[in-house]
Amino acid sequence: MYDLLTQHEPLIRLGAFAGVLALMALIEMAAPRRKRNGPRLKRWVTNVSLAAAGTLLLRITVPLLAVGAAALAEREGFGLFHWTQTPAIAAFILSFIALDLLVYAQHVAFHKSRLLWRLHRVHHADTDVDATTGIRFHPIEILISMGIKMGAVALLGAPAAAVIFFEVVLNAAAMFNHSNFRIGALADRWVRRLIVTPDMHRVHHSIHRDERDMNFGFNLSIWDRLFGTYRAAPREGHETMRLGLAEYPAPGPQGLYWSLMNPFWTGANPDDTRRREQTT
């Protein structure tokens, strides 16, 4: 498995990304959970373009990436798992769990920091949440996230195969839990005991701050339960809940230029909206 992941990394990444995105899109069209607020095409072009811009920025600025950091740490014998001579299978599993916790903590930080929120609000401004929302992140947020991940991978001494596996699973999980398709109540209740489901994560995209600051997990659901950030359902129900940010209604967030430039605008202050929400 190790050799398969490391030797065929680009093919595995691309195949998983394209396959999961296509599958989620087909299921969304066949069994949608919510009615769309607007046309699909422009949103999809913008969301996919943001992901492509983020990937390009990474390749230009930090071509080493997380897998390279893992390989470098292994070559130099650097990192916790190398220092403690942790068995390969244990290092693989522990790396996956630790990196998933890191993503949860990072997500919370992007909500709590005013500066980081300016970047992350581009993700939350999407007023129709579907599989493409799971890859809708500002390129600078993607760059910062990769820097954090590289540091964690090096400190852990995470195996390169574990990093590849984690990134493929995380990317697929993000598209899955942002998807707009219907899962039976019983199935959802059992699945969310382990992983984040679309109904669980949709709460996080509520227009209300008290709901938006819950359900931060992207893959394993245990972190929200463990740290007290779990909310089972939105107050307005999944079919009628309002998604996005009150200060940024459609169609603005559907545009690529809007999405790229929004963090640098000083006009609408999301903190003002948050204070108004807390008083209502």
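You'll find the structure just up there.
Residue numbers restart at each chain and count upward from 1, following the sequence in its written direction. Per-residue local features are limited, in this predicted model, to residues with pLDDT of at least 70; the limit for side-chain atom pairs, both in listing and counting, is 80 or more; totals at the level of whole chains, interfaces and linings are taken over all residues. Just so you know, side-chain values use all the structure's heavy atoms and leave hydrogens and water out.

Draft legend 1. Examining the overall build of the chain more closely. A tally of helices and strands in the chain yields 15 helices and zero strands. Taking 280 residues into account, the globule formula puts the C-alpha radius of gyration at 19 Å, and the chain, at 19 Å, falls close to it. For the C-alpha atoms alone, the extent of the chain along its principal axes is close to 55 × 45 × 35 Å. Under the scheme applied here, a residue whose accessible area is under 20% of the maximum for its type counts as buried, over 50% as exposed, and between as partly exposed, the area being computed with a 1.4 Å probe on protein chains only. Relative to its full complement of 280 residues, the chain shows a buried share of 50%. About 13,200 Å² of surface is accessible on the chain, with carbon and sulfur atoms providing 69% of the total. Both charge centroids of the chain, one from 30 positive and one from 23 negative side chains, sit 5 Å from each other. Numbered from the N terminus, helices here are DSSP runs of H or I no shorter than four residues, and strands are runs of E no shorter than two. We compute the radius of gyration over the C-alpha atoms and compare it with the globule rule, which gives 2.2 Å times the number of residues raised to the power 0.38. Only the protein chains shown count as cover for residues, and the accessible areas themselves come from Shrake-Rupley with a 1.4 Å probe. In this tally, Asp and Glu contribute negative charge and Lys and Arg positive charge; neither His nor the terminal groups of the chain are included. For the purpose of locating charges, the reference atoms are NZ of Lys, CZ of Arg, CG of Asp and CD of Glu.

Draft legend 2. Broad picture of the nonpolar core. Counting residues in hydrophobic clusters, the biggest one holds 27 residues, and the most contacted among them are Ala66, Leu99, Met146, Val153, Val163, Phe166 and Phe218. Going through the elements one at a time, α4 (65-76), α6 (88-112), α8 (139-156) and α9 (160-177) are the ones with two or more residues in this core. The dominant element in this core, judged by the number of residues it contributes, is α9, at seven residues. Two residues form a contact once any of their heavy atoms are found within 4.5 Å. In this view, Val153 contacts Ala66, Ala69, Ala70, Leu99, Ala158 and Val163; residues no more than four positions away in its chain are not counted. Here, nonpolar core means buried Ala, Val, Leu, Ile, Met, Phe, Trp, Tyr and Cys residues that are tied together by side-chain atoms lying within 4.5 Å of each other. Core analysis: the second largest hydrophobic core is formed by eight residues, Ala51, Ala131, Phe176 and Phe181 among them.

Draft legend 3. The arrangement of the pattern of salt bridges in detail. Salt bridge, as used here, is a side-chain nitrogen of Lys or Arg placed within 4 Å of a carboxyl oxygen of Asp or Glu. Applying the stated criterion to the full structure yields 15 salt bridges. One salt bridge in this structure joins Arg43 and Asp126, with 2.8 Å as the shortest N-O distance. With Arg43 in helix α3 (residues 40-61) and Asp126 in the loop between α7 (114-124) and α8, the pair connects residues that are 83 residues apart, well separated along the chain. Here Arg43 matches Asp126 in class, with each residue buried. Taking the shortest distance from any N to any O, the salt bridge between Asp210 and Arg231 comes out at 3.6 Å. With Asp210 in helix α12 (residues 209-212) and Arg231 in the loop between α13 (222-226) and α14 (256-261), this pair connects stretches of sequence that are 21 residues apart.

Draft legend 4. View of the packing of aromatic side chains. Under the pairing criterion, centres of Phe, Tyr and Trp rings, with the six-membered ring standing for Trp, must be within 6.5 Å; the plane angle then separates stacked pairs below 30 degrees from edge-to-face pairs above 60, leaving the rest tilted. Applying the stated criterion across every chain, the model contains ten aromatic pairs. Ring centres of Tyr104 and Phe227 lie 5.6 Å apart, and the angle between their planes is 20 degrees; this geometry places the pair in the stacked category. Taken together, the residues Tyr104 in helix α6 and Phe227 in the loop between α13 and α14 connect sequence positions 123 residues apart. A network of ring pairs unites the aromatic residues Phe92, Phe96, Phe165 and Phe166 as a single cluster. Any Lys NZ or Arg CZ that is within 6 Å of a ring centre and within 35 degrees of that ring's normal is treated as a charge sitting over the ring. Arg193 extends its terminal NZ or CZ atom over the ring of Trp190, reaching a point 4.5 Å from the ring centre.

Draft legend 5. Just the packing of α3 against α8, in detail. Geometry is summarised by axes, namely lines fitted to C-alpha atoms with helices restricted to the contacting stretch, and by angles between N-to-C directions that run from 0 to 180 degrees. For the pair α3 and α8, the least separation of the axes is 8 Å and the interaxial angle reads 45 degrees. Taken together, the axes of α3 and α8 are oblique relative to one another. Crossing of α3 over α8 shows right-handed handedness. Contact with α3, carried on its side by Leu50, Ala53, Gly54, Leu57, Leu58 and Thr61, involves Pro139, Ile140, Ile142, Leu143 and Met146 of α8 and no other residues of that element. Any angle from 65 to 115 degrees is called roughly perpendicular, while one under 35 is roughly parallel, one over 145 is roughly antiparallel, and all others are oblique. By convention, the crossing between two helices is left-handed when the near helix turns anticlockwise from the far helix through less than a right angle, and right-handed when the turn is clockwise.

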